[in-house]
Amino acid sequence: MKLGIDITYMHHANILKFSGIGLFTCQVVNELTKMNKYDIFVYTRPEVSEAAKQYLDECHIITLDYSAKIAYLKEVLLQNRALIEHVRQDNIDLLLSTKFNTYGGIPDDIPYIAVLHDLDFLCHNSIRNRLRDKWMKAKVEKIDCIITISNFVKEELYRWAPHAKGKTKVIYNPVVINSGEKDDCKNAYILNVNTFKKEKNQITLLKAYNKIASEIIEDLILVGTGDCLEECKNYVKDKKLNQRVFFYQDLSQKELNNLMENARIFVNTSRFEGFGRTPIEAAMHGIPVLTSKETSLGEVTQDLLEYYDPADNVDELAKKIKLILNGTIDYNQERVDRISAIYNKDYAAPKIAKAYDELITQVYGARKK
């Protein structure tokens, strides 16, 4: 079968290299390649083409481009006209978009599956998002199947677009880690890894850390980039925490693995996650994890970790961090190993790819009847 993979929504190479959606795309597509039943064509844009060749090296990488003076128009033409033209030229049997995105085209004559990671745009009321709302609801009508990455996202989808019922499938994201290098000489630290957005809520972690910094020896490391990074840096500067709080961006997977492997505790303060990859990754690295339970987080972490609630509760977060660090909350090796084993089994890439394979076969077969 000729399988098309649409990643034209990725605007730069770092999305494929470093982001959660990039990791998800690479892990699923590379596992489907290993099955030796698909001839895979990956459709991308010039800015991402070289990274795609590196990270999806067993696939045909098709680079699309479209000239237009207006950026918005270029996106529409690239992700609709150019994509559909090439998909038809390549005789693709089924098209899978690894993100249910606003501009992506849906060819009427080819089965189409898209992965919906979240509906975070519903949290932001703007003219652009109201237009996006109407456009995406229209796409729901035409799509063959929508994969949601958690039951939380599925229920959110049904509330937003009731006509999606009957054409959805929940498939969790794969989570695959490579062990980092243990370094007992490293300074002790608390770790957070996430995009710097309002809903990721790192400011609450910084406020909690400010309350207890003088009582603990652990530094705080935050990894990521985004719109709220400067706000967080300014808070650290104002509170004179520059010698205790450190920010890192664009780390390689090896560097990130090493950070996770050596952290005393991983803390996730997010208010909104469609899946919530990083707490699972951290637990698989064998370190204690403290996370909020907002949106999908309780579901995908299977209530196995330590939690605080609500996500904005600075005092509760500070208290829980101290209890884990001083051993009052028992996060022993047996517990760590048990959690890691469960996540390694449930989120194994071959298992998730098999679910994708079965769905692709089902959707393709239904369209051909």
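Summary of the structure given here. (Residues numbered from 1 in each chain as written. Predicted model: local features only at pLDDT ≥ 70, side-chain atom pairs only at ≥ 80, totals over all residues. Heavy atoms only, no water.)

Attention shifts here to the side chain of Asn262. With respect to the helices, strands and loops of the structure, Asn262 is situated in helix α9 (residues 253-262). Engagement of the side chain of Asn262 in a polar contact is seen with the backbone oxygen of Asn258, the distance being 2.8 Å. (Helix = DSSP H or I, 4+ residues; strand = E, 2+ residues; numbered from the N terminus. Polar contact = N/O pair within 3.5 Å; in protein donor to acceptor, adjacent residues only side chain to side chain.)

Turning our eyes to something else, we now look at the state of the cysteines. By the definition in use, this model includes 0 disulfides. Of all cysteine sulfurs, the one in Cys59 lies closest to Cys26, which takes part in no disulfide; the gap is 9.2 Å. No disulfide involves Cys232; its nearest neighbouring cysteine sulfur is the one of Cys228, lying 6.5 Å away. For Cys232, a relative accessible area of 2% corresponds to the buried category. (Disulfide = S-S within 2.5 Å. Buried < 20%, exposed > 50% of the residue type's maximum accessible area, 1.4 Å probe, protein only.)

Our focus in this paragraph is the pairing of strand β1 (residues 2-6). Taking burial as the measure, the 5 residues of β1 include 4 buried ones, the bulk of the element. Strand direction decides the pairing type here: β1 and strand β2 (residues 39-44), joined by 5 bridges, are parallel. Bridging across to β2, Lys2 finds its partner in Asp39. Two elements, β1 and strand β4 (residues 94-97), share 4 bridges in a ladder whose sense is parallel. Within β4, the position partnered with Leu3 by the bridge is Leu94. (Pairing = 2+ DSSP bridges.)

In this structure the tally under the stated criterion is 22 salt bridges. Where Asp109 meets Arg88, a salt bridge forms, and the shortest distance between an N and an O atom there is 3.2 Å. Of the two residues, Asp109 sits in the loop between β4 and β5 (112-116) while Arg88 sits in helix α4 (residues 71-89), which places them 21 residues apart along the sequence. Given a relative accessible area of 47%, Asp109 falls into the partly exposed group. Glu155 serves as the salt-bridge partner of Lys154, at 3.9 Å between the closest nitrogen and oxygen. For Glu155, a relative accessible area of 36% translates into the label partly exposed. (Salt bridge = Lys/Arg side-chain N within 4 Å of Asp/Glu carboxyl O.)

Bringing the sheet that holds strand β9 (residues 219-223) into the picture now. Strand order in this open sheet of 6 strands is β10-β9-β8-β11-β12-β13, and the pairing throughout is parallel. Every interior strand has two partners, whereas the edge strands, β10 (245-248) and β13 (306-308), have only one. The average undirected angle you get between the axes of adjacent strands in this sheet is 25°. Alignment of strand β12 (residues 289-292) against β13, held across 3 bridges, turns out to be parallel. If you follow Thr291 over to β13, its bridge partner there is Tyr307. Along the sheet, helix α7 (residues 202-212) makes contact with β8 (189-193), β9, β10, β11 (265-268) and β13, crossing β9 at roughly 170°. (Axes fitted to C-alpha atoms, helices over the stretch in contact; angles between N-to-C directions. Contact = heavy atoms within 4.5 Å.)

Another point: the environment of Asn30. Its place among the elements puts Asn30 in helix α2 (residues 20-34). Taking the relative accessible area as the measure of exposure, Asn30 reaches 23% and is therefore partly exposed. The spatial distance from the C-alpha of Asn30 to the C-alpha of Leu56 is 6.6 Å, given a sequence separation of 26 residues. With near-sequence residues (within four places) excluded, Asn30 lies in contact with Tyr55 and Leu56. For Asn30, the side chain forms a polar contact with the main-chain oxygen of Tyr55, separated by 3.1 Å.

Following the criterion strictly, the structure yields 7 aromatic pairs and no others. An angle of 45° between the planes, with centres 6.2 Å apart, marks the rings of Tyr172 and Phe275 as tilted. Placement of Tyr172 in the loop between β7 (168-170) and β8 and of Phe275 in the loop between β11 and α10 (277-284) is noted, with a sequence separation of 103 residues between them. Judged by centre distance (6.1 Å) and plane angle (50°), the rings of Phe196 and Phe247 are tilted. Of the two residues, Phe196 is situated in the loop between β8 and α7 and Phe247 in strand β10; the sequence distance between them amounts to 51 residues. Like Phe247, Phe196 is buried. Connected via pairs of aromatic rings, a cluster forms that spans Tyr172, Phe275, Tyr343 and Tyr347. Lys293 extends its terminal NZ or CZ atom over the ring of Tyr307, reaching a point 5.0 Å from the ring centre. We note Arg335 situated over the ring of Tyr331; from NZ or CZ to the ring centre the distance is 4.1 Å. (Phe/Tyr/Trp six-rings, centres within 6.5 Å; stacked < 30°, edge-to-face > 60°. Lys NZ or Arg CZ within 6 Å of the ring centre and 35° of its normal.)

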